[in-house]
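Tertiary structure, described
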Amino acid sequence: MGSAFVVRYQTTPETAGENEKLVEDVFAELARDRPGGLSYASFKLDDGVSFVHVGVVEGDGNPLAASTAFHEFQKGIRERAPEGPVPSGATLIGSYGFSTAENGKRNEETDR
C-alpha cells in the first residue's frame, strides 16, 4: 500500500469560493489526464471555510506534483488560508465505498 495524507485548512470567508474553484480545477485536470497511482478527495466542511483533502499515493511519485492546476491552487494558499494548511501523514485503517464518481470503481485494496 502507498502513503496516505490528510491536509486541513481554513480559508477566509472572502476567499472560500475562489479556493473551491481552484480545487475543482484540480479535479477537472485529474479527470482529464487520469494519472495512475493516486486516490484523492477534497471536502468543504459545513462551516463553508474549512477544507480537508485526503489522498493515497501508490508508488514513488505523487501525481499531484505534475499537475498544473495543483500548482495554481498552491500559489495563493497562504493568502486564502492565512494560518496555512496543516498536512499530516495518515494510516488507512479501512474504507467503505470511498470511490470517485467518475469511474464508480471501488479500490479493492482499501474497500475492506
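Just above sits the structure.
Definitions and limits used
Residues numbered from 1 in each chain as written. Predicted model: local features only at pLDDT ≥ 70, side-chain atom pairs only at ≥ 80, totals over all residues. Heavy atoms only, no water. Core = buried A, V, L, I, M, F, W, Y, C linked by side-chain atoms within 4.5 Å. Buried < 20%, exposed > 50% of the residue type's maximum accessible area, 1.4 Å probe, protein only. Helix = DSSP H or I, 4+ residues; strand = E, 2+ residues; numbered from the N terminus. Contact = heavy atoms within 4.5 Å. Arc of directions from axis to C-beta. Polar contact = N/O pair within 3.5 Å; in protein donor to acceptor, adjacent residues only side chain to side chain. Expected span 1.5 Å × (residues − 1).

1. Quick notes on the nonpolar core
Ranked by internal contacts, the top residues of the largest apolar core, which has 17 residues, are Tyr 9, Val 26, Tyr 40, Leu 64 and Phe 73. Those elements giving two or more residues to this core turn out to be β1 (3-10), α1 (16-33), β2 (38-44), β3 (50-57) and α2 (68-75). For this core, the element with the most residues is α1, which contributes four residues. Dropping the residues within four chain positions of it, Tyr 9 is found in contact with Asn 19, Val 23, Val 49, Ser 50, Phe 51, His 53, Phe 73, Ile 77, Ala 81, Gly 84 and Pro 85.

2. With respect to α2
For α2, the full list of buried residues reads Ala 69, Phe 70 and Phe 73. Down the axis of α2, the sector holding all buried residues measures 100°, keeping them to one side. In α2, those exposed residues whose orientation departs by more than 90 degrees from the buried face are Thr 68 and Lys 75. Of the surrounding secondary structure, the elements contacted by the buried residues of α2 are β1, α1, β2, β3 and α3 (77-80). Sitting at the head of α2, Ser 67 places a side-chain oxygen 3.4 Å from the backbone nitrogen of Ala 69.

3. Some words on α1
With 18 residues, α1 ought to run about 26 Å at 1.5 Å a step, and its terminal C-alpha atoms sit 26 Å apart, in line with that. Within α1 the residues assigned to the buried category are Ala 16, Asn 19, Leu 22, Val 23, Val 26, Glu 29 and Leu 30. Here the buried residues of α1 occupy an arc of 150° about the axis, which is enough to place them on one side. Residues of α1 that are exposed and point more than 90 degrees away from the buried face comprise Gly 17 and Arg 32. Looking at the packing, one finds that the buried side of α1 touches β1, β2, β3, α2 and α3.

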